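Structural description and commentary
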There are 2 protein chains.
Amino acid sequence: MSTLLNSLTTELRRGTLTLAVLSQLRTPQYGYSLVQLLEQCGISIEQSTLYPLLRRLEKQELVTSSWDTTESRPRRYYVLTPYGIEIYQQLKKEWEKTSQELSLLLKGEDNE
Amino acid sequence: MSTLLNSLTTELRRGTLTLAVLSQLRTPQYGYSLVQLLEQCGISIEQSTLYPLLRRLEKQELVTSSWDTTESRPRRYYVLTPYGIEIYQQLKKEWEKTSQELSLLLKGEDNE
DNA sequence: ACTTTATACTATGCATCATACACTATTGTT
DNA sequence: AACAATAGTGTATGATGCATAGTATAAAGT
């Protein structure tokens, strides 16, 4: 893939990562599990992208986190706050709207 | 709309503007007409956002531009280059892929 | 003993978008 | 004739998020 296409795709993905992560935090998850969960769904995300994102979300009070030290390895679990749930649902609506609008624009002569 | 939701939505839109603009430049358009064309489709874009975008696209050789001075008001028309068409189609595919993946993630308990 | 997996995290730079401007010429209205 | 509104093209600056490239540790597997 050309570097140009690559950077355009990056920009296109931007913001969707947040939405994807929020969607998975309705049930508690820790960073590492999130990476794999999303990978399974075809969305690859680097840890070095995810952790700062989680930090942001926590700062914005969309998620809360807590350490679980009962297992052999300590894990920090993240989960949506009520406010986070609300924002998630609104953001989801926004995405559906944008998605539909774009579908309309892109429809038409599909010459392959 | 809260400022947080606003900024999240902005991020979500990011990159989609490029795709939207590219999709309209299969036929020649000038800046002002593009704004209105997209507006009709529900996508609002400020001129001060569009013009720098067009500049970028031209620099990346995805579009070319030329002045039309035959009308009463001079207009600068933009249109896709062959390379631009190619990139557009690939980017479109990327979007469709991402879009589908996200649909999957967002599906599920729609408690309204 | 060595390597891989699991797990968490930081720092820096680049690109895009929003916001706020500046500018001109034509059309429409009073 | 004066004025406002529309049509039209642009620039500068700042905020922000993602990618890239790292650091670090402990458990499990060989």
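Basis of the calculations
Residues numbered from 1 in each chain as written. Chains lettered and ligands numbered in written order. Predicted model: local features only at pLDDT ≥ 70, side-chain atom pairs only at ≥ 80, totals over all residues. Heavy atoms only, no water. Near = heavy atom within 4 Å. Polar contact = N/O pair within 3.5 Å; in protein donor to acceptor, adjacent residues only side chain to side chain. Helix = DSSP H or I, 4+ residues; strand = E, 2+ residues; numbered from the N terminus. Nonpolar A, V, L, I, M, F, W, Y, C, P; charged D, E, K, R; others polar. Pairing = 2+ DSSP bridges. Least-squares fit on C-alpha atoms with pLDDT ≥ 70 in both. Contact = heavy atoms within 4.5 Å. 1 Å grid on protein atoms, 1.4 Å probe; cavity = no way out; pocket = protein on both sides within 12 Å on 5 of 7 lines; lining within 4 Å. Points joined across faces, edges and corners; volume = space filled by probe spheres on them.

**With respect to the protein's contact with DNA strand D**
A:Ser48, A:Arg56, B:Tyr51, B:Arg73 and B:Arg75 are the nearest of the 25 residues found near DNA strand D. Here DNA strand D approaches the protein such that, of its atoms within 4 Å, sugar and phosphate make up 65%. Here A:Arg73 contributes a side-chain N or O atom positioned 3.4 Å from a sugar or linking oxygen of DNA strand D. Interatomic distance of 2.9 Å between a side-chain N/O atom of B:Arg55 and a phosphate oxygen of DNA strand D. Listed by contribution, the elements that provide at least two residues to the surface near DNA strand D are α1 (3–13), α2 (16–24) and α4 (47–59) of chain A together with α3 (31–40), α4 (47–59) and β3 (75–80) of chain B. With four residues, α4(B) is the single largest residue contributor to the surface near DNA strand D. Of the residues contributing to the surface near DNA strand D, the split by class is six nonpolar, nine polar and ten charged.

**Notes on the pairing of strand β3 (residues 75–80) of chain A**
Residues and elements named next belong to chain A. By the bridge criterion, two bridges tie strand β1 (residues 29–30) to β3 in an arrangement that is antiparallel. Looking across to β3, one finds that Tyr30 is bridged to Tyr77. Alignment of strand β2 (residues 63–68) against β3, held across six bridges, turns out to be antiparallel. Opposite Ser65, over in β3, you have Tyr78 as the bridge partner. The antiparallel hairpin formed by β2 and β3 contains six residues in its connecting segment.

**Some details on the protein's contact with DNA strand C**
Of all residues adjacent to DNA strand C, which total 24 residues, the nearest are A:Tyr51, A:Arg75, B:Arg14, B:Ser48 and B:Arg56. Here the atoms of DNA strand C within 4 Å of the protein split so that 64% fall in sugar or phosphate, with bases taking the remainder. The separation between a phosphate oxygen of DNA strand C and a polar side-chain atom of A:Arg75 is 2.4 Å. Measuring from a phosphate oxygen of DNA strand C, one finds a side-chain N or O atom of B:Thr49 at 3.1 Å. Only α3 (31–40), α4 and β3 of chain A together with α1 (3–13) and α4 of chain B provide two or more residues apiece to the surface near DNA strand C. Here the element with the most residues in the surface near DNA strand C is α4(A); it accounts for five residues. Residues belonging to the surface near DNA strand C are distributed by class as follows: six nonpolar, nine polar and nine charged.

**Brief notes about the relation of the copies chain A and chain B**
With an RMSD of 0.1 Å, the fit of chain A onto chain B corresponds to turning through 180° and sliding 0.0 Å along the axis. The operation mapping one copy onto its partner corresponds to a two-fold rotation axis. Residue A:Arg14, judged by its C-alpha, is the member of chain A lying nearest the rotation axis, at 3.3 Å. Mapped onto chain B, 98% of the interface residues of chain A again fall at the interface, so both copies present the same surface.

**Considerations on the layout of surface pockets**
Approximately 470 Å³ is the volume found for the largest pocket. Along the wall of the largest pocket there are 26 residues; nearest its centre are A:Arg13, A:Arg14, A:Gly15, A:Thr16 and A:Leu17. Among the secondary structure elements, those contributing two or more residues to the lining of the largest pocket are α1, α2 and α4 of chain A together with α1 and α5 (82–106) of chain B. No other element matches α5(B), which puts five residues into the lining of the largest pocket. Broken down by class, the residue content of the lining of the largest pocket amounts to eight nonpolar, eleven polar and seven charged. What the second largest pocket holds in volume is close to 320 Å³. In this structure, the second largest pocket is lined by 15 residues; those nearest its centre are B:Arg14, B:Gly15, B:Leu17, B:Thr18 and B:Arg56. Listing elements by their share of the lining of the second largest pocket, those giving two or more residues are α1 of chain A together with α1, α2 (16–24) and α4 of chain B. With five residues, the single largest contributor to the lining of the second largest pocket is α4(B). Of the residues contributing to the lining of the second largest pocket, the split by class is six nonpolar, five polar and four charged.

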